[in-house]
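# Coordinates in review
So the chains spell out like this:
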Amino acid sequence: MIQLFHVFKSYDGENMVLKDINMIVEKGEFVFLTGVSGAGKTTLLKMLFLEEKPSRGQILIHNKNISRLSSNSIPFLRRNIGVVFQDFKLIEYRTVFENIAITLEILDLPRKVINQKVINILKLVGLEHRKNHLPKKLSGGEQQRVAIARALVNDPAILLADEPTGNLDPQITIEIMKLFEKANNNGTTILIATHDSSLMERYKKRVLHIEDGRVF
Ligand SMILES: Nc1ncnc2c1ncn2[C@@H]1O[C@H](COP(=O)(O)OP(=O)(O)OP(=O)(O)O)[C@@H](O)[C@H]1O
Ligand SMILES: [Mg+2]
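Take the environment of L124 next. One can find L124 in helix α4 (residues 111-124). Judged by its relative accessible area of 42%, L124 is partly exposed. For the pair formed by L124 and E175, sequence separation is 51 residues and the distance between their alpha carbons is 8.5 Å. Filtering out sequence-adjacent residues up to four positions away, L124 remains in contact with L179 and K182.

If you want it as structure tokens, here you go:
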């Protein structure tokens, strides 16, 4: 599903943020990616989503070498990957509903189906009452849940989530983890970057550690 072979990443050509990363995440796995601030968690997720390129090495997703994808096929890969960005990346002039619907609009689904799916996921993240609000009118935790809803609404094959529970209180964290586990039970492969050790203690999943640019 996700394979990295001898992946190196430097932003400036001098300092190696990631060094010789070799890892495999199998289809259907639920994996935590951890490491101190600045370890390279976001960098690794960005490479999987083709937002950053590795300086060296190969990344395969669904057995395809993603650095060899033509620019027209990148959107097709991304359709199968839901992403929760660390800074959410919500579109500020669109409502909560519209921010989530975008994921489905690019798939050309009928309007009725889109509306139903968006309302369903909004209910699941407890934000139906906020559907017509603009993101800036929401709290940090609410914005985070919109980002999570947008990533999951399309039942992606892979979910990449960067500190998805960082702004959430314990009760909502439990609800969101339930959503991730449900998606995982339905076949979504999940990779969550977090430095929340209580989360990793509570949910016994495989943990990949990044330390000194290497993954253990
Ligand atoms: N766009 C960039 N340009 C230059 N350096 C960058 C860039 N993005 C990240 N870095 C550097 O790469 C290193 C890893 O950063 P990254 O954001 O991947 O860490 P992280 O593990 O996600 O940290 P955090 O837990 O704080 O989110 C840091 O030293 C950071 O300064
Ligand atoms: Mg980060």
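With that settled, consider empty space enclosed by the protein. According to the stated counting rule, one finds 1 cavity of 30 Å³ or more in the structure shown. For the largest cavity, the calculated volume is near 30 Å³. A breakdown of the residues in the lining of the largest cavity according to their chemical character gives 4 nonpolar, 1 polar and 2 charged.

How two helices pack is summed up by the angle between their axes together with the distance between the axes. The contact between helix α3 (residues 96-105) and α4 brings their axes to 9 Å, and the two run at 125 degrees. It follows that α3 is oblique to α4 by the angle criterion. The interaxial crossing formed by α3 with α4 has right-handed handedness. Residues V96, F97, I100, A101, L104 and E105 of α3 form the contact with α4, whose own contacting residues are R111, I114, N115, K117, V118, I119, I121 and L122. Per-class residue counts for the contact of α3 with α4 are 10 nonpolar, 1 polar and 3 charged.

Rules used in this analysis
- Residues numbered from 1 in each chain as written.
- Chains lettered and ligands numbered in written order.
- Predicted model: local features only at pLDDT ≥ 70, side-chain atom pairs only at ≥ 80, totals over all residues.
- Heavy atoms only, no water.
- Helix = DSSP H or I, 4+ residues; strand = E, 2+ residues; numbered from the N terminus.
- Buried < 20%, exposed > 50% of the residue type's maximum accessible area, 1.4 Å probe, protein only.
- Contact = heavy atoms within 4.5 Å.
- 1 Å grid on protein atoms, 1.4 Å probe; cavity = no way out; pocket = protein on both sides within 12 Å on 5 of 7 lines; lining within 4 Å.
- Points joined across faces, edges and corners; volume = space filled by probe spheres on them.
- Nonpolar A, V, L, I, M, F, W, Y, C, P; charged D, E, K, R; others polar.
- Axes fitted to C-alpha atoms, helices over the stretch in contact; angles between N-to-C directions.
- Parallel < 35°, antiparallel > 145°, perpendicular 65-115°, else oblique.
- Left-handed = near helix turned anticlockwise from the far one by under 90°.

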